[in-house]
Amino acid sequence: MATESTLFTWTGIDRNGRKSSGELMATSAALARVQLRKQGVAAKRVTKKSSAIHLFGDKQIKPAHIAIFTRQLATMMKAGVPLVQAFDIIAEGTEHKKMRSLILTLRNDVSSGAGLAGALARHPKHFDNLFCSLVASGENSGTLEIMLDRVATYKEKTEALKAKIKKALTYPTAVIVVAIIVTGVLLIKVVPQFAETFQNFGSELPSFTLFVLQISEWVQEWWSLLLGVLFATGYAFSQAKLRSKGFASRVDAISLKLPVIGGVVHDAVIARFSRTLSTTFAAGVPLVDALESTAGAAGNAVYARAIQRIKDDVTAGITLANAIRGTGIFPTMLLQMAAIGEESGSLDDMLGKVADHYETAVDNAVDSLSSLMEPMIMAVLGVLVGGLMIAMYLPIFMLGSVL
């Protein structure tokens, strides 16, 4: 594994005898001086750039940042800007510190003679095998700018699909969390105040009120343990899904069967499958290799296994449409479009149309889900908060009716 590069600041004399300064990425100060010497600069001072202390650390590089970088690079290449110069321009306009560091590292690798695909492959955390193989295909065929444009479009549509699913889950999740916090505050801080008042009533309290008071006492005594269990359960779930393929597979299978949400997940997986296979096949990647890359980008273990089975069937000589039909889990529209694409020699175009259809379906489903969830969430909030308030005021109402 390559040593992580660091940002250095330098001052020196350029080949014209003028004082100059700047920044560059290198694995050590000595290698930074070597790079400067190759550029015709006699370095006088090379020091590691000090970084400001951030309370929550530096922001991580997200797939959305990679999508933006890919689009910028594709635009520069189509405009005829040399690759190394394009890296410099993009890095200069990037405010994200770690993304800027990554771009400068790629720039140094490419300027040192490494191909773009090879430079990207040194950062598998940000550029997967699919990304690197498409770029390599573009370099080998002399159509790098066209291939970067296709990769950029693929990344943009993939991130847009992820954003739509997050949109469907973020609002209800946020409201549920707020509801839990408000309910906890009421049970721990507000209900005990009413309990002290009820002690002076000298009469039996309603069953509903007693039930809420018992819950309040239990939460007051065990709230820290309950909170710890919730965090531990969430952490254990995330780790189990990350480390256990069997557990992750079961979770993915269950997610496809959930009411409403399952349909959104299904459509998203079909859209991702179609978009990935369309992009790789259009790039000239052999169908078997394209299916291998598509399985890795499926995003669902159930469909990843199905795609691997499709790949094996295609390798054995079965047509793509029949191989897809053999899995029994892909929609009829995809089967028909794949068959038409194979017969007409326009498989990438047909799969692209399928991807467009299911991406639109996900978008519409997310909008419908948001409209459906809003009244349901308000009803849950009304039951939780309203129920607590009724339980607390019910003895007061009964006392008023007696008086």
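Structure: above.
Residues numbered from 1 in each chain as written. Predicted model: local features only at pLDDT ≥ 70, side-chain atom pairs only at ≥ 80, totals over all residues. Heavy atoms only, no water.

1. Overview of the nonpolar core
Reasoning step 1: Within the largest apolar cluster, 75 residues are counted, with the highest numbers of intra-cluster contacts made by Leu116 and Phe330.
Reasoning step 2: When sequence neighbours within four positions are dropped, the list of residues in contact with Phe330 reads Ile270, Phe273, Tyr303, Ala306, Ile307, Ile310, Ile324 and Leu335.
Reasoning step 3: Core analysis: the second largest hydrophobic core is formed by 12 residues, Leu186, Phe194, Val212 and Ala391 among them. (Core = buried A, V, L, I, M, F, W, Y, C linked by side-chain atoms within 4.5 Å. Buried < 20%, exposed > 50% of the residue type's maximum accessible area, 1.4 Å probe, protein only. Contact = heavy atoms within 4.5 Å.)

2. A closer look at the layout of surface pockets
Reasoning step 1: What the second largest pocket holds in volume is close to 1,100 Å³.
Reasoning step 2: Lining the second largest pocket are 35 residues, and of these Lys162, Arg272, Ala297, Gly299 and Asn300 lie nearest its centre.
Reasoning step 3: Among the secondary structure elements, those contributing two or more residues to the lining of the second largest pocket are helix 6 (129-141), helix 7 (144-198), helix 8 (207-243), helix 9 (245-257), helix 10 (261-282) and helix 11 (287-296).
Reasoning step 4: Among the elements that line the lining of the second largest pocket, the one with the most residues is helix 7, at 10 residues.
Reasoning step 5: Within the lining of the second largest pocket, the residues separate by chemical class into 19 nonpolar, 7 polar and 9 charged. (1 Å grid on protein atoms, 1.4 Å probe; cavity = no way out; pocket = protein on both sides within 12 Å on 5 of 7 lines; lining within 4 Å. Points joined across faces, edges and corners; volume = space filled by probe spheres on them. Helix = DSSP H or I, 4+ residues; strand = E, 2+ residues; numbered from the N terminus. Nonpolar A, V, L, I, M, F, W, Y, C, P; charged D, E, K, R; others polar.)

3. Remarks on the packing of helix 8 against helix 9
Reasoning step 1: Between helix 8 and helix 9, the least distance of the axes is 5 Å, while the angle of their chain directions is 110°. On the basis of the axis angle, helix 8 is roughly perpendicular to helix 9. Contacts from Phe237, Ala240, Lys241 and Arg243 in helix 8 reach Lys245, Phe247, Ala248, Val251 and Asp252 in helix 9.
Reasoning step 2: Of the residues in the contact of helix 8 with helix 9, the class split is 5 nonpolar, no polar and 4 charged. (Axes fitted to C-alpha atoms, helices over the stretch in contact; angles between N-to-C directions. Parallel < 35°, antiparallel > 145°, perpendicular 65-115°, else oblique.)

4. Some points on the environment of Thr94
Reasoning step 1: Among the secondary structure elements, Thr94 is positioned in the loop between helix 3 (83-92) and helix 4 (97-111).
Reasoning step 2: The sequence separation of Thr94 and Met376 amounts to 282 residues, and the corresponding C-alpha distance is 42 Å.
Reasoning step 3: Once residues within four sequence positions are removed from consideration, Thr94 is found in contact with Met99, Arg100 and Ile103.
Reasoning step 4: Polar contacts involving the side chain of Thr94 include one to the main-chain carbonyl oxygen of Ile90, which spans 2.6 Å. (Polar contact = N/O pair within 3.5 Å; in protein donor to acceptor, adjacent residues only side chain to side chain.)

5. Structural notes on the pattern of salt bridges
Any two side chains of opposite charge can pair if their charged atoms end up close together.
Reasoning step 1: Counted under the stated rule, the structure contains 7 salt bridges.
Reasoning step 2: Across the pair Arg275 and Glu359 runs a salt bridge whose closest N-O atoms are separated by 3.0 Å. A residue pair is termed long-range when its members are at least 10 positions apart, and Arg275 in helix 10 and Glu359 in helix 15 (residues 347-402) qualify at 84 residues.
Reasoning step 3: On the basis of relative accessibility, which here comes to 8%, the residue Glu359 falls in the buried class.
Reasoning step 4: Among the ionic pairs, Lys311 bridges to Glu292, the shortest N-O distance being 2.8 Å. Pair noted here: Lys311 is in helix 12 (residues 301-315) and Glu292 is in helix 11, with a separation of 19 residues, a long-range link.
Reasoning step 5: Residue Lys311 is classed as buried on the basis of its relative accessible area of 17%. (Salt bridge = Lys/Arg side-chain N within 4 Å of Asp/Glu carboxyl O.)

6. Side note on helix 2 (residues 63-78)
Reasoning step 1: The terminal C-alpha atoms of helix 2 lie 23 Å apart, and with 16 residues this matches the ideal 22 Å at 1.5 Å per residue to within 8%.
Reasoning step 2: Among all positions in helix 2, only Ile66, Ala67, Phe69, Thr70, Leu73, Ala74 and Met77 are buried. Within helix 2, the buried residues cover an arc of 165° as seen down the axis, which keeps them to one side.
Reasoning step 3: Structurally, helix 2 contributes buried residues whose contacts are with helix 3, helix 4, helix 5 (116-121), helix 6 and helix 7.
Reasoning step 4: Following helix 2 by one or two positions, Gly80 has its phi on the positive side, about 90°. (Expected span 1.5 Å × (residues − 1). Arc of directions from axis to C-beta.)

7. With respect to the side chain of His123
Reasoning step 1: Topologically, His123 is positioned in the loop between helix 5 and helix 6.
Reasoning step 2: Those residues in contact with His123 that sit more than four places away from it in its chain are Leu102, Thr105, Leu106 and Asp109.

8. Here's the deal with a nonpolar patch on the surface
Reasoning step 1: A cluster of nonpolar side chains, contributed by Trp218, Trp222, Trp223, Leu225, Leu226, Leu227, Val229, Leu230 and Phe231, occupies part of the molecular surface with about 930 Å² of accessible area.
Reasoning step 2: Looking at the secondary structure, you find Leu226 in helix 8. (Patch = residues over 30% accessible without salt bridge, like charges linked within 9 Å, V, L, I, M, F, W, Y side chains within 5 Å. Areas by Shrake-Rupley, 256 points an atom, 1.4 Å probe, with all protein chains shown as cover.)

9. Considering the packing of aromatic side chains
Reasoning step 1: Here the structure, examined in full by the defined rule, presents 6 aromatic pairs.
Reasoning step 2: Both rings, one in Phe237 and one in Phe247, keep their centres 5.5 Å apart while their planes meet at 75°; by these two values the pair is edge-to-face. In this pair, Phe237 is assigned in helix 8 and Phe247 in helix 9, connecting sequence segments 10 residues apart.
Reasoning step 3: Ring centres 5.2 Å apart and planes at 80° place the aromatic pair Tyr303 and Phe330 in the edge-to-face group. In this pair, Tyr303 is assigned in helix 12 and Phe330 in the loop between helix 13 (320-327) and helix 14 (332-344), connecting sequence segments 27 residues apart.
Reasoning step 4: The exposure class assigned to Tyr303 is buried, which follows from its relative accessible area of 4%.
Reasoning step 5: Among the aromatic residues, those joined into a cluster by ring pairs are Phe69, Phe87, Phe127 and Phe131. (Phe/Tyr/Trp six-rings, centres within 6.5 Å; stacked < 30°, edge-to-face > 60°.)

All we've got here are geometric facts, nothing functional implied.
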